[in-house]
Amino acid sequence: MNSRANDFSSILVGEIISGTIKRVQSFGLFITINETNMVGLCHKSELSDDLITNIEIKYKVGDRVTAKILKVDEERHRISLGMKNSYIKERTQENGFDDGTQLSTFLENNYHEIQNLDIEYEDEEYPVLSQAESRASILPLEVDFDDVDHSHLDDTVSQNQILTNEANTMEEKNKRQAKKKAKEKKEQEIRAAEERLMQNDAPRTADEFEKLVRGSPNSSFLWIKYMALMLSLADIEKARSIAERTINIREESEKLNIWTAYFNLENEYGNPREEAVMKVFQRALQYCDPKKVHLALLGMCERTEQHKLADELLEKMTKKFKHSCKVWLRRIRLFLKQHQDGTAILEFKSGVPDRGRSMFEGMLREYPKRTDLWSVYLDQEIRLGDVDIIRALFERTINLSLEPRKMKFLFKKYLEYEKSQGDEERIESVKRKALEYANSTLA
């Protein structure tokens, strides 16, 4: 063994190394770096660009792999590794492996097998923390509907096409990049917290958690695990007091995660339950974004099948946040779940489109300016494929009296449809109508 065997300073962040799997755990792989005595951890979230289902099945002790050095902690003698295909591609392209054959040879020589699997979190390694996981978990807040494009209408429209506002496009691109960087930073912080808990020195007492939260006071992951520990010890009041301590943390999203866990706690242990939850909800509104707090509580109601409370909450939300597409889509989604035999979309999919049309027409009579409803309605008709009905519905939409940015969305959707299904005459007809609308708006 050479002088590098135990020299952590010789390990450089960004370096591609070869190694052998020493131990397989539910949370990741421990890998011995070739020609050294050093062992690094590849967390499950860094194994693949795609999701994996079962680490133990796909990886075995003794397998040879290739990984990238993500982080080196010389003081604590810890090395974080990444085995994602994107890491290897990025590095090999930097080293001149642009040709597919060269890349394959490089990967083969380094014994790296790229897997496309699904991640499933398991906490069997730490039973003390896992006992209360379901009672204080962070609920997903995403809406399973496609986002609707609401960009602003161009001031002028050329004779040949609806012009794209390049300035807005660049601004949106910059916003997306900034959001992506912020999300990556947050994920790195969460992974760091997870690694601390998943090592042999995982906290099992209140004193150990106190040390961790002092070092990372803005980590909702640590605070929620701390609450879970107290719940596993049946100390409900202590869990509540821990949640109360986080009210003034700086990170908005981290704070919201803890309030969501607080909802779950009171939903499980509050007495009376609904009253306890609503008290916490009213306090959360004072410290976090109101719409996000409403969505968090709604998520809890849906998960626990409290349909009456969910309906009441959504009724208030559609009045309070009447311009929020996300809120309206959540209302539609809940409606679909609660009325599976009579919902518009399910009627379309089940082969009874007339019933689906009747339901959409009823909703649009009540909310004629909801472009998201028009868009979903159009999508169902497009999926069905009757071009006469589709074009008739598009003609209705482009004759609505809506604000310019909404009208541009509808014209753009119509133009995209004709480009995929129509001929040049149809395309020119849509462009001409868009031009007429733009001229009448500017007049």
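K.L.:
Describe the overall build of the protein chain, listing the residues and the values that go with them.
P.N.:
The secondary structure content of the protein chain amounts to 19 helices and five strands. Within the span of the protein chain, comprising 443 residues, buried residues form 45% of the whole. Contacts in the protein chain between residues far apart in sequence, at least 24 positions, make up 61% of those at least 6 positions apart.

K.L.:
Report on the sheet that holds strand β2 (residues 28-33), specifying residues and quantitative values.
P.N.:
One closed barrel accounts for five strands, arranged β1-β2-β3-β5-β4; its pairing is mixed. Within this sheet the neighbouring strands show an average axis-to-axis angle of 50 degrees, counted without direction.

K.L.:
A description of the pairing of strand β4 (residues 64-73) should follow, citing residues and the corresponding values.
P.N.:
As paired strands, strand β1 (residues 16-25) and β4 are joined by five bridges and run antiparallel to one another. For S18, the partnering residue across the bridge sits in β4 and is T66. Judged from the five bridges that link them, β4 and strand β5 (residues 78-82) form a sheet pairing that is antiparallel. Bridge pairing in β5 links K68 to G82. The antiparallel pairing of β4 with β5 creates a hairpin that spans four residues between the two strands, and H77 there sits at a positive phi of about 55 degrees.

K.L.:
Now, about the packing of aromatic side chains: what can you tell me, with residues and values included?
P.N.:
Two aromatic rings, taken as a pair, are described by how far apart their centres are and by the angle between their planes. Under the counting rule described, the total for this entry stands at nine aromatic pairs. The interplanar angle of 5 degrees and the centroid separation of 5.1 Å between the aromatic rings of F209 and Y226 together place this pair among those described as stacked. Taken together, the positions of F209 in helix α6 (residues 206-215) and Y226 in helix α7 (residues 220-232) put the pair 17 residues apart, joining distant regions of the chain. Residue class for F209 comes out buried when judged on its relative accessible area of 0%. Taken together, a centroid distance of 6.0 Å and an interplanar angle of 20 degrees make the contact between W259 and Y287 stacked. Taken together, the residues W259 in helix α9 (residues 252-269) and Y287 in helix α10 (residues 273-287) connect sequence positions 28 residues apart. Of the residues examined, W259 reaches a relative accessible area of 4% and is grouped as buried. Above the face of the F30 ring, R23 is positioned so that its terminal group lies 4.2 Å from the ring centre.

K.L.:
Any details on unusual backbone geometry? Residues and values, ideally.
P.N.:
Put simply, N271 and P272 share a cis peptide bond, and its omega is -5 degrees. Relative to the assigned elements, P272 resides in the loop between α9 and α10. Residues other than glycine seldom take positive phi values, yet E35 does so here, at roughly 65 degrees. On the basis of relative accessibility, which here comes to 57%, the residue E35 falls in the exposed class. Despite not being glycine, A234 has its phi angle at roughly 65 degrees, a positive value.

K.L.:
Please give an account of the nonpolar core that cites residues and values.
P.N.:
Ranked by internal contacts, the top residues of the largest apolar core, which has 45 residues, are Y226, M227, W259, F263, V293, L297 and M317. Going through the elements one at a time, α6, α7, α8 (236-244), α9, α10, α11 (290-303), α12 (307-320) and α13 (325-338) are the ones with two or more residues in this core. What F263 contacts, discounting residues up to four positions off in sequence, is V277, V280, F281, A284, V293, A296, L297 and M300. By size, the runner-up hydrophobic cluster in this structure holds 27 residues, among which are I332, Y377, M407 and F411.

K.L.:
So what about the confidence of the model for the protein chain? Which residues, and what values?
P.N.:
In low-pLDDT regions, the fine details of the predicted coordinates are not to be read closely. When pLDDT is averaged across the protein chain, the result is 76; 74% of the residues are at 70 or more. Across residues 97-164, confidence stays below pLDDT 50; counting only partners more than four residues off in sequence or on other chains, it has 157 contacts.

K.L.:
Let's hear about helix α19 (residues 424-442): which residues, and what values?
P.N.:
The periodicity of an α-helix, 3.6 residues per turn, causes residues three or four places apart in sequence to face the same way. The terminal C-alpha atoms of α19 lie 27 Å apart, and with 19 residues this matches the ideal 27 Å at 1.5 Å per residue to within 8%. Among the residues making up α19, those that are buried are I427, S429, V430, K431, A434, L435, Y437 and A438. The elements touched by buried residues of α19 are α18 (404-421). N-capping of α19 is provided by D423, with a side-chain oxygen placed 3.3 Å from the backbone N of E425.

K.L.:
Explain α8 to me, and be specific about the residues and the numbers.
P.N.:
Buried residues of α8: I236, A239, R240, I242 and A243, and no others. Seen end-on, α8 carries its buried residues on one side only, within an arc spanning 160 degrees. At its buried positions, α8 is contacted by α7 and α9.

K.L.:
An account of the environment of L295 is requested, with residue identities and associated values reported.
P.N.:
One can find L295 in helix α11. A residue is classified by how much of its surface remains accessible, and L295, at 6% relative accessible area, is buried. In this structure the C-alpha to C-alpha distance between L295 and R330, which are 35 residues apart in sequence, comes to 8.8 Å.

K.L.:
An account of the packing of α18 against α19 is requested, with residue identities and associated values reported.
P.N.:
With their axes 9 Å apart at the nearest point, α18 and α19 run at an angle of 170 degrees to one another. Relative to α19, α18 is oriented roughly antiparallel. Packed against α18, whose contacting residues are P404, M407, F411, Y414, L415, E418 and K419, the element α19 presents R426, I427, V430, K431, K433, A434, Y437 and T441 at the interface. Classifying every residue of the contact of α18 with α19 by side-chain character gives nine nonpolar, one polar and five charged.

Conventions and cut-offs
- Per chain, residue numbering runs from 1 following the sequence as it is written.
- Owing to the predicted nature of the model, reporting of local features is limited to residues with pLDDT of at least 70; listing and counting of side-chain atom pairs is limited to 80 or more, with chain, interface and lining totals taken over all residues.
- The basis for the side-chain values is all heavy atoms of the structure; hydrogens and waters are excluded.
- Each helix is a run of H or I in the DSSP string that is no shorter than four residues. Each strand is a run of E no shorter than two, and both are numbered from the N terminus.
- For every residue, the accessible area obtained with a 1.4 Å probe (protein chains only) is divided by the maximum for its type, and the residue is called buried under 20%, exposed over 50%, and partly exposed between those limits.
- Note on contacts: a residue pair is in contact if any heavy atoms of the two residues lie within 4.5 Å.
- In this description, strands pair whenever DSSP reports at least two bridges between them.
- Every axis in this analysis is a line fitted to C-alpha atoms, fitted for helices over the stretch in contact. Angles between the N-to-C directions lie between 0 and 180 degrees.
- Aromatic rings from Phe, Tyr and Trp, with only the six-membered ring used for Trp, were paired whenever their centres fell within 6.5 Å, and each pair was classed as stacked if the ring planes differed by under 30 degrees, edge-to-face if by over 60, and tilted otherwise.
- Should the NZ of a Lys or the CZ of an Arg lie within 6 Å of a ring centre and within 35 degrees of the ring normal, that charge is described as sitting over the ring.
- What is meant by a nonpolar core is a set of buried Ala, Val, Leu, Ile, Met, Phe, Trp, Tyr and Cys residues, joined one to another through side-chain atoms within 4.5 Å.
- The pLDDT score gives, residue by residue, the confidence of the prediction method on a 0 to 100 scale.
- Multiplying 1.5 Å by the helix residue count minus one yields the expected span of that helix.
- Think of a polar contact as two N or O atoms within 3.5 Å of one another; within protein, one of them needs to be a possible hydrogen donor and the other a possible acceptor, and neighboring residues in sequence only count if both atoms come from side chains.
- This arc is built from the directions going out from the helix axis to the C-beta atoms.
- Working rule for angles: under 35 degrees goes down as roughly parallel, over 145 as roughly antiparallel, 65 to 115 as roughly perpendicular, anything else as oblique.
- Residue classes follow a fixed rule: Ala, Val, Leu, Ile, Met, Phe, Trp, Tyr, Cys and Pro count as nonpolar, while Asp, Glu, Lys and Arg count as charged, and any other residue, Gly among them, counts as polar.

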